[in-house]
2 protein chains.
Amino acid sequence: MTRALTRKGEATRARIVAGAAAEIRERGVDEVRLEDVLAHTRTSKGQLFHYFPDGKEELLLAVAQHEADQVLVDQEPMLSNLTSWPAWQAWRDRLVERYLAQGVKCPLNGLLGQTGRRAPGAQAIVTGLMWRWQEKIAVGIRHMQSTGDIAADVDADRAAAALLAGIQGGVLLLLSTGRIDHLEAALDLTIERLRAGARTA
Amino acid sequence: MTRALTRKGEATRARIVAGAAAEIRERGVDEVRLEDVLAHTRTSKGQLFHYFPDGKEELLLAVAQHEADQVLVDQEPMLSNLTSWPAWQAWRDRLVERYLAQGVKCPLNGLLGQTGRRAPGAQAIVTGLMWRWQEKIAVGIRHMQSTGDIAADVDADRAAAALLAGIQGGVLLLLSTGRIDHLEAALDLTIERLRAGARTA
DNA sequence: CGGGTTTTGGACTTGCGGGTCCAGATCTGC
DNA sequence: GCAGATCTGGACCCGCAAGTCCAAAACCCG
């Protein structure tokens, strides 16, 4: 059933998802009409409903998945390699740079508030993303503990949760205020705290 | 012009705003139809457009302002009284309790993602809220510095920014994952850090 | 009271946009 | 190269909800 897609079909489907994602990033979920996506991807109603029988909802779900994956990909290879303080710094810089560049166009913002409520599956996608994200950070912390760079008595999961919260809040505040200060402050102070813990412990 | 409202008119207007706010909290911005609000507030189309000539957009803006104000009010008197560690703890508990109780129904969630983009004014409302919020926290930190409970070399504004980011992210994660852990972790670790700073400094 | 203003109710219009349908083009494997 | 499947285009339908309009009720003040 899912395996009834030609090479060409697959390409078209991908084009639609990518186009819709771009459109949504640019103008917000609720401002994007199906027709906009069609125009921007040189496709027709027929195609869209051919690949997404459940219409907009299904498309939005696919976009959400696409964007969620992208969020982590954008942080690689730094995120999977938090094995030294310079590496942490590089990751931190990548995050700041990335969000600074994208500015107000957060792919998840709308998808959480908008899709998250209506589609039951979108919630799961975001939750999954957050969980993976946090776990990656936790792995980094544990690694640093193994090398003695972070105190052993630090609760890695708890610290990762706090750091992730800081990031999310920082991005949220970037979206609403347009300033990157909060993200930087949250990242720097939290990381600084992890480093300080090693010395005192 | 703005002063053409009878006592009764004022009451009706307020009733519409409050009703719309409740409705939005309950079911999300984009799920709320004007008719729903009318039904729930025992009012008619005529009244709604009488008090909000610009229709839905204007109403949403009024709701946003109403909810934004409420967010800070809900933290009082704790937020304006961060003058001792027990007071900070009380504020922290209030926050956790409040968001735990309200669960998924965040008044600002939709308003940021939804209204924030379309209405230029909504952006300003959220920004204003965040700014006031952060300032209140900063005042608390400075007060603690004046009593020596927090190290003098802490940048109050920066610390407040980080704390606020942690809170926002914690709430965001509560919304998507349904767990309060992140909010607690962010609050506790950040506050703990402020306390620790005093001892080492 | 009485004239002017504000308030209220609800029927009606309108446009937008998601979803349907189907005919024809294109591909795929044998 | 042909039979069956997949892909594509776009005209059409249709419901929904925002917004309009106006007449009647309630209210305010001299």
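Residues numbered from 1 in each chain as written. Chains lettered and ligands numbered in written order. Predicted model: local features only at pLDDT ≥ 70, side-chain atom pairs only at ≥ 80, totals over all residues. Heavy atoms only, no water.

Chain A has the name Transcriptional regulator (Probable TetR family) in an unreviewed UniProt entry, where Micromonospora lupini str. Lupac 08 is given as its organism.

Listed per partner, the contact involves 42 residues of chain B and 42 residues of chain A. When chain B packs against chain A, the two sides together hide about 3400 Å² of surface, and 58% of this comes from carbon and sulfur. Joining chain B to chain A, the criterion identifies four salt bridges. For B:Arg158, the salt bridge is made with A:Asp188, and the minimal N-O distance between the two is 3.1 Å. At the junction of chain B and chain A, the tally comes to twelve residue pairs in polar contact (both at pLDDT 80 or more). Elements represented by at least two residues in the side of chain B that touches chain A include exactly helix H1 (7-27), helix H6 (107-118), helix H7 (120-146), helix H8 (156-177) and helix H9 (181-200) of chain B. (Contact = heavy atoms within 4.5 Å. Buried area = accessible area lost by both parts, 1.4 Å probe. Salt bridge = Lys/Arg side-chain N within 4 Å of Asp/Glu carboxyl O. Polar contact = N/O pair within 3.5 Å; in protein donor to acceptor, adjacent residues only side chain to side chain. Helix = DSSP H or I, 4+ residues; strand = E, 2+ residues; numbered from the N terminus.)

To continue, consider helix H5 (residues 85-102) of chain A. Residue and element names in this part refer to chain A. The terminal C-alpha atoms of H5 lie 26 Å apart, and with 18 residues this matches the ideal 26 Å at 1.5 Å per residue to within 8%. Listed as buried for H5 are Trp85, Ala87, Trp88, Trp91, Arg92, Leu95, Val96, Arg98, Tyr99 and Gln102. Trailing H5 by a residue or two, Gly103 shows a phi angle of about 55 degrees, which is positive. (Expected span 1.5 Å × (residues − 1). Buried < 20%, exposed > 50% of the residue type's maximum accessible area, 1.4 Å probe, protein only.)

Right, let's talk about the protein's contact with DNA strand D for a bit. Residues in contact with DNA strand D amount to 20 residues; listed here are only the nearest, A:Thr6, A:Ser44, A:Gln47, A:His50 and B:Arg33. Backbone sugar and phosphate groups make up 71% of those atoms of DNA strand D lying within 4 Å of the protein. Contact distances for DNA strand D include 2.9 Å between a phosphate oxygen and a side-chain N or O atom of A:Tyr51. Taking B:Arg33, its side chain carries an N or O atom lying 2.9 Å from a phosphate oxygen of DNA strand D. Looking at the surface near DNA strand D, the elements that each hand over two or more residues are helix H1 (7-27) and helix H3 (45-51) of chain A together with helix H3 (45-51) of chain B. Looking at the surface near DNA strand D, the element that brings in the most residues is H3(A), giving five residues. For the surface near DNA strand D, the residue count by class is five nonpolar, nine polar and six charged. (Near = heavy atom within 4 Å. Nonpolar A, V, L, I, M, F, W, Y, C, P; charged D, E, K, R; others polar.)

A word on the packing of aromatic side chains. Residue and element names in this part refer to chain B. Taken as a whole and assessed by the stated rule, the structure comprises four aromatic pairs over all chains. The interplanar angle of 50 degrees and the centroid separation of 5.9 Å between the aromatic rings of Trp85 and Trp88 together place this pair among those described as tilted. In this pair, Trp85 and Trp88 are both assigned in helix H5 (residues 85-102), three residues apart and thus about one turn of the helix distant. Summarising the burial analysis for this pair, Trp85 and Trp88 share the class buried. Considering the side-chain rings of Trp88 and Trp91, the 5.9 Å spacing of their centres and the 85 degrees angle between planes classify their relative orientation as edge-to-face. Taken together, the positions of Trp88 and Trp91, both in helix H5 and three residues apart, correspond to about one turn of that helix. The pair formed by Trp88 and Trp91 is uniform in burial state, with each residue classed as buried. (Phe/Tyr/Trp six-rings, centres within 6.5 Å; stacked < 30°, edge-to-face > 60°.)

What follows covers the protein's contact with DNA strand C. The local shell around DNA strand C holds 20 residues, among which A:Arg33, A:Lys45, B:Ser44, B:Gln47 and B:His50 are the closest. Considering DNA strand C, the proportion of its atoms within 4 Å of the protein that are sugar or phosphate atoms stands at 70%. A:Arg33 places a polar side-chain atom, nitrogen or oxygen, 2.6 Å from a phosphate oxygen of DNA strand C. Contact distances for DNA strand C include 3.0 Å between a base nitrogen and a side-chain N or O atom of B:Ser44. Contributions of two or more residues to the surface near DNA strand C are made by H3 of chain A together with H1 and H3 of chain B. Its residues placed into classes, the surface near DNA strand C shows five nonpolar, nine polar and six charged.

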